[in-house]
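In case you want the letters, here they are:
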Amino acid sequence: MHKETILNACVLLGLLAVPLWALQMDEPFIITLATKAVIFAIAGVGLNFALGLGGLVSLGHAAFFGIGGYAMGILASHAQGYTPVIEWPLTIEGTNSMPIIWLVAIAFSALFAFVIGALSLRTSGVYFIMITLAFGQMLYFFMISWPTYGGEDGLVIYVRNGFPGLNTLDPIQFFGICFTLLCLVLFIVSRLAQSSFGLALGGARQNEERTQAIGIVPYRLYLIAFTISGAITGLSGALFADLNRFVSPTMFSWQTSGEIMVFIILGGMGRLFGPVVGAALFILLEHLLGGLSEFWHIYLGAILLGVVLFARGGLIQLIVGREVAHD
Amino acid sequence: MSLILLIEQILNGLQFGVMLFLMAAGLTLIFGVMGLINLAHGSFYMIGAFAAAATAAATGSFMLALVASLVAAAAAGAIVEMTVIRRLYTRDHLDQVLATFALILIFSEGTRWMFGSFPLFLEIPDYLSGPISLPFGIEYPQYRLAIIAVGLFVAGGLFALIAKTRIGIQIRAGESDREMIAALGVDISKLYTFVFALGAALAGVAGALIGAIQSVQVGMGEPVLILAFVVIVIGGIGSIKGALLGAILVGLTDTLAGFLLPKAFGLMMEASAATSVGSSLASMSIYILMAGVLLFKPTGLFGST
């Protein structure tokens, strides 16, 4: 077996073992931290699909994270207030069922990713980075100035949404839901990367002209990848909102986009488990350094700078070397 | 709606646009000459504002504060260029984005550590405070008018520097062929440090000038940075002329949309709904402007392909 495959298995087991151990020790806070790491990992896996596989440097993925969050916030707040979301042309009621919220979050973030991608992908390189950033900001300012759903203050949801047969307010059960979704997303992404679509996308990233010359349209591949990527990040946004039972425009802020990108780089870009390792490391750093100093972002910045300048493959490459496992 | 109010808003838009130009000019120069996308440019804006506020508090002189903002931002720019940025020129855009994102974290938290989380205030000097009477009976704050003048003056100086001086020739040559001008004996790394420090200084002055209207606080640079990105995307990356036109366009669109859209919707619906729809749309207006420009010209108004 490849060293990276073994490492990936260890990471998953470790991510599962920590909250189980915390459950034994009766430390619900650690379970919550692990849940946060898992949710961030899903967001990172989403971005990594566009960034690592397709080479699309999107600095606007907070948009999809936020849309997922607000899908949860809007549906749950209507369910909470017993008011319909819209009444015309047909009545749509709010809901507090997680599976429905996830589907809505995925559908809307995919739709927005499709539209934003269709416009942004007309450009490339540094223009693409700035335009995705600008679209993210556009939604951020829209959410701030749109008073219906709390504006700048955001929305508080008093009870965590339900999942049939589970008690989602129990930290370990909610962790189980998020962890299962992470595994599912990782499985789907790894299959997609191996599919003819994924291989063509990788080809387009490495050499656009050649891919075009053999009759593949890169624009279409990029757009599909960007849409899938946005949808996955949207799902994580809905979970994050449920974890905090709170949504606010901060989810749309460009720092969020930057942080999602940081997960990928800390772990290792273009690797299936890069964002998972990175998100776990990020939460660990936040917890450890945050305990040391109020100004822990200075250390985070220094670490990030060090990784970019001197250890480009991230933590996974430091452990297993340069070779990438194909699974 | 009176005409006077509209003219005042146009002047406000112009003032905002001129400030955006000071930010955007540095960004677009740095990208044009070195091919570097610099997210940390907003940090120089913040550094300029903090240096000015601290100097003004210590000496009481607004002129000294402006000089301090210029020196502090240029020095920070030169140091960062020599230690970090220099290693990024040959890297891809992703590395540049991440490394400069890391610099933002370091600068922002470093400033918070030095000055605390509370905003500082920079007073408008006495000789520039109060309104001034313009033709047609318009009363307009002197300070804002001064900002427009300073901004246009700096823009003119920058154009002269690029078009007429020896260093300007080297900068333009660096944009088109960096190997060639290195081969001609120009010390390219010194030139790069100079361009980076120049861009940082412009951002620093902008921060100090705006710091007297708004509060000086950590994180003040990033919203302006993103607007400056919009400006250079509209104008075409690498083009100073494009940056000037883009900045004025964005400044006017932002100010006038915030002023006119709620009024326009007020004609169609009730007042409170009109204000909320109008201001939501107004906050998105410049991004819609950008998307519109890109649909027709994907490389911006003055961009080369």
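Because the structure is a prediction, the values reported are computed rather than measured.

Cut-off values and rules
- Residues numbered from 1 in each chain as written.
- Chains lettered and ligands numbered in written order.
- Predicted model: local features only at pLDDT ≥ 70, side-chain atom pairs only at ≥ 80, totals over all residues.
- Helix = DSSP H or I, 4+ residues; strand = E, 2+ residues; numbered from the N terminus.
- Rg over C-alpha atoms; globule rule 2.2 N^0.38 Å.
- Buried ≥ 20, exposed ≤ 12 C-beta atoms within 10 Å, placed from the backbone.
- Contact = placed C-beta atoms within 7 Å.
- Axes fitted to C-alpha atoms, helices over the stretch in contact; angles between N-to-C directions.
- Parallel < 35°, antiparallel > 145°, perpendicular 65-115°, else oblique.
- Left-handed = near helix turned anticlockwise from the far one by under 90°.
- Nonpolar A, V, L, I, M, F, W, Y, C, P; charged D, E, K, R; others polar.
- Pairing = 2+ DSSP bridges.
- pLDDT = per-residue confidence, 0-100.
- Expected span 1.5 Å × (residues − 1).

*Asks:* For this particular structure, what's the right way to read the overall build of chain A?
*Replies:* When helices and strands are counted, chain A shows 13 helices and four strands. Relative to the globule expectation of 20 Å for 327 residues, the C-alpha radius of gyration of chain A, 19 Å, shows essentially globular dimensions. Along the three orthogonal principal directions, the C-alpha set of chain A runs to about 55 × 50 × 40 Å. In chain A, which comprises 327 residues, the share counted as buried stands at 50%. Taking as baseline every contact in chain A between residues at least 6 positions apart, the subset at least 24 positions apart corresponds to 75%.

*Asks:* Whenever I open this one, the overall build of chain B confuses me. Can you help?
*Replies:* Along its length, chain B carries eleven helices and two strands. What you see for chain B is a C-alpha radius of gyration of 20 Å, in line with the 19 Å of a compact globule of 305 residues. Projected onto its principal axes, the C-alpha coordinates of chain B cover approximately 65 × 50 × 35 Å. In chain B, buried positions account for 50% of the 305 residues. Taking all contacts inside chain B whose residues are at least 6 apart in sequence as the whole, residues at least 24 apart take part in 76%.

*Asks:* What is the right way to read the packing of helix α10 (residues 240-266) of chain B against helix α11 (residues 271-296) of chain B from this model?
*Replies:* Each pair of packed helices can be described by the angle between their axes along with the distance between the axes. Residue and element names in this part refer to chain B. Their axes nearest at 7 Å, the elements α10 and α11 cross at an angle of 155°. The angle between the axes of α10 and α11 places the two elements in the roughly antiparallel class. Note that α10 runs across α11; the crossing there is right-handed. Listed contacts from α11 to L249, V250, T253, D254, A257, G258, L261, P262, A264, F265 and G266 of α10 are A271, A274, T275, V277, G278, S279, L281, A282, S285, I286 and L289. Considering only residue class, the contact of α10 with α11 consists of 14 nonpolar, seven polar and one charged.

*Asks:* What should I look at first to understand the packing of helix α2 (residues 41-59) of chain B against helix α3 (residues 62-83) of chain B in this one?
*Replies:* Residue and element names in this part refer to chain B. Running from N to C, α2 and α3 point in directions that differ by 140°, and their axes come no closer than 7 Å. Between α2 and α3 the crossing geometry is right-handed. Residue-level contacts link F44, I47, G48, A49, A51, A52, T55, A56 and T59 of α2 to F62, L64, A65, L66, A68, S69, A72, A73, A76 and G77 of α3. Partitioning the contact of α2 with α3 into residue classes produces 14 nonpolar, five polar and no charged.

*Asks:* Quick question: what am I supposed to make of the pairing of strand β2 (residues 138-141) of chain B here?
*Replies:* Looking along a regular strand, one sees the side chains alternate between the two faces of the sheet. Residue and element names in this part refer to chain B. Of the pairings in the sheet, the one linking strand β1 (residues 131-134) to β2 comprises four bridges and is antiparallel in character. Looking at β2, one finds that I132 is bridged to Y140. Remark: three residues form the turn of the hairpin made by β1 and β2, two consecutive strands paired antiparallel; F136 in that turn has positive phi of roughly 65°.

*Asks:* I keep staring at the interface of chain B and chain A and nothing clicks. Help me out?
*Replies:* Where interface size is given, it is often the accessible area lost as the parts come together that is meant. The interface is formed by 35 residues belonging to chain B together with 35 residues belonging to chain A. With 16 residues, helix α4 (residues 93-115) of chain B is the single largest residue contributor to the side of chain B that touches chain A. Residues belonging to the side of chain B that touches chain A are distributed by class as follows: 24 nonpolar, seven polar and four charged.

*Asks:* Help me understand the confidence of the model for chain B, please; the structure alone is not making it clear to me.
*Replies:* Should the pLDDT be low somewhere, the predicted coordinates at that spot are not to be read in detail. When pLDDT is averaged along chain B, the result is 87; 99% of the residues meet or exceed 70. For this predicted complex, the interface confidence score (ipTM) comes to 0.86, while the overall pTM stands at 0.89.

*Asks:* Is there a simple way to explain the confidence of the model for chain A in this structure?
*Replies:* Per-residue pLDDT for chain A averages 90, and the proportion of residues at 70 or more is 99%. Across chain A, the element-wise mean pLDDT spans from 81 in strand β1 (residues 84-86) of chain A up to 95 in helix α9 (residues 218-244) of chain A.

*Asks:* Even after reading the chapter, I still don't get helix α6 (residues 171-194) of chain A, so can you show me in this structure?
*Replies:* Residues and elements named next belong to chain A. The first and last C-alpha atoms of α6 sit 35 Å apart over 24 residues, in line with the 34 Å expected at 1.5 Å per residue. Buried within α6 are the following residues: P171, F174, F175, C178, F179, L182 and V189. Those residues of α6 that are buried lie in contact with α1 (3-25), α2 (28-53) and α9.

*Asks:* Hey, could you run me through helix α5 (residues 142-164) of chain B in this one?
*Replies:* All names here are of chain B. The terminal C-alpha atoms of α5 lie 32 Å apart, and with 23 residues this matches the ideal 33 Å at 1.5 Å per residue to within 8%. Those residues of α5 lying buried are Y143, R144, I147, G151 and L158. Buried-residue contacts for α5 involve α1 (3-34), β2, α8 (188-211) and α10.

*Asks:* Please clarify how the environment of A107(A) should be interpreted in this entry.
*Replies:* All names here are of chain A. Topologically, A107 is positioned in helix α4 (residues 98-120). Since 14 C-beta atoms lie within 10 Å of it, A107 is described here as partly exposed. For the pair A107 and G234, spaced 127 residues apart in sequence, the C-alpha to C-alpha distance is 8.6 Å.

*Asks:* What exactly am I supposed to notice about unusual backbone geometry here?
*Replies:* With the exception of glycine, most residues fall at negative phi, and the peptide bonds are largely trans. Residue and element names in this part refer to chain A. Residue D26 is not a glycine yet carries a positive backbone phi of 60°. Following the sequence through the fold, D26 ends up in the loop between α1 and α2. Residue Y82 is not a glycine yet carries a positive backbone phi of 55°. By the C-beta count within 10 Å, which is 8 here, Y82 ends up exposed.

*Asks:* Would you explain the environment of F29(A) in this entry?
*Replies:* With respect to the helices and strands, the residue F29(A) is situated in helix α2. With ten residues separating them along the chain, F29(A) and P19(A) place their C-alpha atoms 9.4 Å apart.

*Asks:* Whenever I open this one, the environment of V84(B) confuses me. Can you help?
*Replies:* By secondary structure assignment, the location of V84(B) is in the loop between α3 and α4. In sequence terms V84(B) and T100(B) are 16 residues apart; their C-alpha atoms lie 9.0 Å from each other. Other than its neighbours up to four places away in sequence, V84(B) contacts L305(A), A99(B) and L103(B).

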